[in-house]
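# Understanding the architecture of this molecule
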Amino acid sequence: MSGTSLDGVDAVLVDFRSDGISLAKTFFLPYDDALKSKLLALNHPEYDELNTAAVVSNRLAHVYAAAIKELLKDNAVSPHEITAIGCHGQTIRHCPEIEKKYTIQLVNAALLAELTCISVVSDFRSRDLAAGGQGAPLVPAFHRAAFMDSSYRRVIVNIGGIANLTYLDPSAEVSGFDCGPGNILLDAWCQRHTGKHFDNNGDWAATGNIIPSLLDKLLSIDFFSSPPPKSTGRDLFNYKWLESHLRNELPEDVQATLIQLSTVSISQAIQTYYPNANEIYLCGGGARNLHLVHHLKKSLSGMKVALTDELGIPVDWVEASAFAWLARQTILRNPGNIPAVTGALGERILGAVYSA
Ligand SMILES: Nc1ncnc2c1ncn2[C@@H]1O[C@H](COP(=O)(O)OP(=O)(O)OP(=O)(O)O)[C@@H](O)[C@H]1O
Ligand SMILES: [Mg+2]
């Protein structure tokens, strides 16, 4: 899995043999700066982008293969023992709206199969879009498989580049949606003003003051008030969008306000759509941002707020495990989408298979 934060590749080796979900090994391979800036550039129209996208897709296949090689390094497992690689690819455009209806995740999956000698399942989102859905979020079906408990009404909050929610109520259909920015704007602003890829623990944000007028402006866009199904990405929440709302604010005050933007958009989505939830579990890299977690706990007081580590999958590996599980669904010819989440006309078997 490599998500919208563009931080790198989360690789997991997942064992489903005993019908459970068991993480056998994990490895994180950061993107180098050159690849990250090429990917960032491809999020917007540029000259000769078809050629650039194809070349970057090849590069990504090599990067994913290197991460997989690391998982198999000590010869504990050989490639022929692996049923499949679930490879999400790198999203560079996500346009689920009716006039466009496409989403692009880059990876040369054929090359990845050649490099690893393992079957690859990729292109998970396009079938759901073709069936009228948003193509996202796709993780709720995995959250149901991994985290549903008959005694609790749980919300799983994945704080990646974008934040998404899944509601697991044992007596109701699973629901969920993208609720807004997770780390995407925090990372962009931090990089621009401190040179660091992200604000470790939210320490820099903690030195600033929230600017209420800026927060109101950022929250006033239609995305936040429109009802689910909905999904989003860098197409909407990007540096330019943020900059268009700024005057001469202190950088640390903007960072403090962005923490509040993620906090308020997540907690308002929960309070509006899932007010009966009694447990909130956070995952994704944003769950490592102590300052953000502190604010979320404050604004969701009355609900238990904890990390998915308590449920058996550490926050950093939930998304990657989800795409291993989704690949398994594809191989078993089981559906991977939840129509009530994505808005698709029905359940669909997702993904394309490149056989070893
Ligand atoms: N210690 C930390 N303090 C603050 N932020 C952190 C910390 N560790 C990780 N992060 C944030 O988490 C981000 C990476 O999170 P993650 O990999 O879950 O997002 P992603 O790649 O966008 O995934 P996806 O789109 O699949 O949800 C980093 O870019 C950073 O913003
Ligand atoms: Mg990531």
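Because the structure is predicted, anything quoted here is derived from the model rather than measured. (Residues numbered from 1 in each chain as written. Chains lettered and ligands numbered in written order. Predicted model: local features only at pLDDT ≥ 70, side-chain atom pairs only at ≥ 80, totals over all residues. Heavy atoms only, no water.)

We now examine the sheet that holds strand S12 (residues 352-354). Sheets are built from strands paired through backbone hydrogen bonds, the pairs being either parallel or antiparallel. Taken in spatial order, the three strands of this open sheet run S3-S6-S12, and their pairing is mixed. Looking at strand neighbours, the two that pair on one side only are strand S3 (85-86) and S12, the edges of this open sheet. Strand direction decides the pairing type here: S3 and strand S6 (residues 120-122), joined by two bridges, are parallel. What sits directly across from Ile85, in S6, is Val120. (Pairing = 2+ DSSP bridges. Helix = DSSP H or I, 4+ residues; strand = E, 2+ residues; numbered from the N terminus.)

Before going further, it helps to spend a moment on the packing of helix H5 (residues 140-147) against helix H12 (residues 318-331). Remark: H5 packs on H12, axes separated minimally by 9 Å, with the N-to-C direction vectors making an angle of 100°. Considered as vectors, H5 and H12 are oriented roughly perpendicular to each other. From H5, Ala141, Phe142, His143, Ala145 and Phe147 reach across to H12, where they touch Val318, Ser321, Ala322 and Trp325. Its residues placed into classes, the contact of H5 with H12 shows seven nonpolar, two polar and no charged. (Axes fitted to C-alpha atoms, helices over the stretch in contact; angles between N-to-C directions. Parallel < 35°, antiparallel > 145°, perpendicular 65-115°, else oblique. Contact = heavy atoms within 4.5 Å. Nonpolar A, V, L, I, M, F, W, Y, C, P; charged D, E, K, R; others polar.)

What follows is about the layout of surface pockets. A probe matching the size of a water molecule, rolled over the atoms, marks out where space remains unfilled. There is about 820 Å³ of room inside the second largest pocket. If you go around the second largest pocket, you meet 36 residues; those closest to its centre are Leu13, Val14, Ile82, Thr83 and Ala84. Among the secondary structure elements, those contributing two or more residues to the lining of the second largest pocket are strand S1 (8-15), helix H2 (49-71), S3 and H12. Among the elements that line the lining of the second largest pocket, the one with the most residues is S1, at seven residues. (1 Å grid on protein atoms, 1.4 Å probe; cavity = no way out; pocket = protein on both sides within 12 Å on 5 of 7 lines; lining within 4 Å. Points joined across faces, edges and corners; volume = space filled by probe spheres on them.)

Taken together, 21 residues lie near ligand 1, and Ser5, Gly161, Asp187, Asn201 and Gly285 sit nearest. Between ligand 1 and the protein, one listed contact pairs a nitrogen atom with a backbone N or O atom of Asn201 at 2.7 Å. Separating a nitrogen atom of ligand 1 from a backbone N or O atom of Arg288 is a distance of 3.4 Å. Protein contact buries 88% of the 650 Å² of open area that ligand 1 shows by itself. Broken down by class, the residue content of the shell around ligand 1 amounts to two nonpolar, 13 polar and six charged. (Near = heavy atom within 4 Å. Polar contact = N/O pair within 3.5 Å; in protein donor to acceptor, adjacent residues only side chain to side chain. Areas by Shrake-Rupley, 256 points an atom, 1.4 Å probe, with all protein chains shown as cover.)

Another point: the side chain of Arg154. Tracing the backbone shows Arg154 in strand S7 (residues 154-159). Looking at Arg154, its side chain comes within polar contact range of the main-chain oxygen of Phe147, at 2.8 Å. Excluding anything up to four places from it in sequence, Arg154 contacts Phe147, Met148, Asp149, Thr166, Tyr167, Leu168, Glu279, Tyr281 and Leu311.

The next point concerns the packing of aromatic side chains. Within the structure shown, the criterion is met by eleven aromatic pairs. Look at Phe142 and Phe147: their rings are 6.4 Å apart centre to centre, the planes differ by 70°, and that puts the pair in the edge-to-face class. Phe142 sits in the buried class, given a relative accessible area of 0%. On the accessibility criterion, Phe147 (2% relative accessible area) is buried. Plain terms: the ring middles of Phe224 and Phe237 are 5.7 Å apart, the flat faces sit at 45° to each other, and that makes the pair tilted. (Phe/Tyr/Trp six-rings, centres within 6.5 Å; stacked < 30°, edge-to-face > 60°. Buried < 20%, exposed > 50% of the residue type's maximum accessible area, 1.4 Å probe, protein only.)

Below, the discussion takes up the pairing of strand S5 (residues 102-106). Alignment of strand S4 (residues 90-95) against S5, held across five bridges, turns out to be antiparallel. In the strand pairing of S5, Gln90 is matched with Leu106. The antiparallel pairing of S4 with S5 creates a hairpin that spans six residues between the two strands, and Lys101 there sits at a positive phi of about 55°.

Here the focus is helix H11 (residues 290-299). Residues His291, Leu292, Val293, His295 and Leu296 constitute the buried set of H11. Among the structural elements, S7, helix H10 (251-273) and strand S10 (279-283) are those in contact with the buried residues of H11.

This part is about the sheet that holds S10. Here five strands make up an open sheet; going across it, the order is S9-S8-S7-S10-S11 and the pairing mixed. Looking at the sheet topology across the chains shown, the edges are occupied by strand S9 (175-181) and strand S11 (304-307). In this sheet, neighbouring strand axes are inclined to one another by 20° on average, regardless of whether the strands run parallel or antiparallel. Direction of pairing for S7 relative to S10: parallel, over a ladder of five bridges. When the sheet's bridge partners are listed, Val157 is paired in S10 with Leu282. Against the sheet, H5 makes contact with S7 and strand S8 (162-168), and its axis sits at roughly 50° relative to S8, the strand it touches most.

Moving on: the packing of H2 against helix H3 (residues 109-116). One way to put it is that H2 packs onto H3 with a least axis distance of 9 Å and a crossing angle of 35°. Between H2 and H3 lies a crossing of right-handed hand. Residues Asn58, Ala61, His62, Tyr64, Ala65 and Ile68 of H2 form the contact with H3, whose participating residues are Leu111, Leu112, Leu115 and Thr116. Per-class residue counts for the contact of H2 with H3 are seven nonpolar, three polar and no charged. (Left-handed = near helix turned anticlockwise from the far one by under 90°.)

What follows deals with the UniProt feature "binding site: ATP" (unreviewed entry) in the protein chain. On the UniProt side, "binding site: ATP" (unreviewed entry) is annotated at positions that read Gly3, Thr4, Ser5, Leu6, Asp7, Gly8, Val9 and Asp10 here. Taken from the residues named earlier, the lining of the second largest pocket is made up of Val9 and Asp10. Mapped onto the fold, Gly3 is located in the segment before S1. Accessibility expressed as a relative area gives 24% for Gly3, which makes it partly exposed. In this fold, Asp7 is placed in the segment before S1. By relative accessible area, Asp7 is classed as partly exposed at 39%. Excluding its chain neighbours within four sequence positions, the residues that come into contact with Asp7 are Phe28, Pro30 and Tyr31. (UniProt positions renumbered as here; feature names shortened; annotations may be inferred.)

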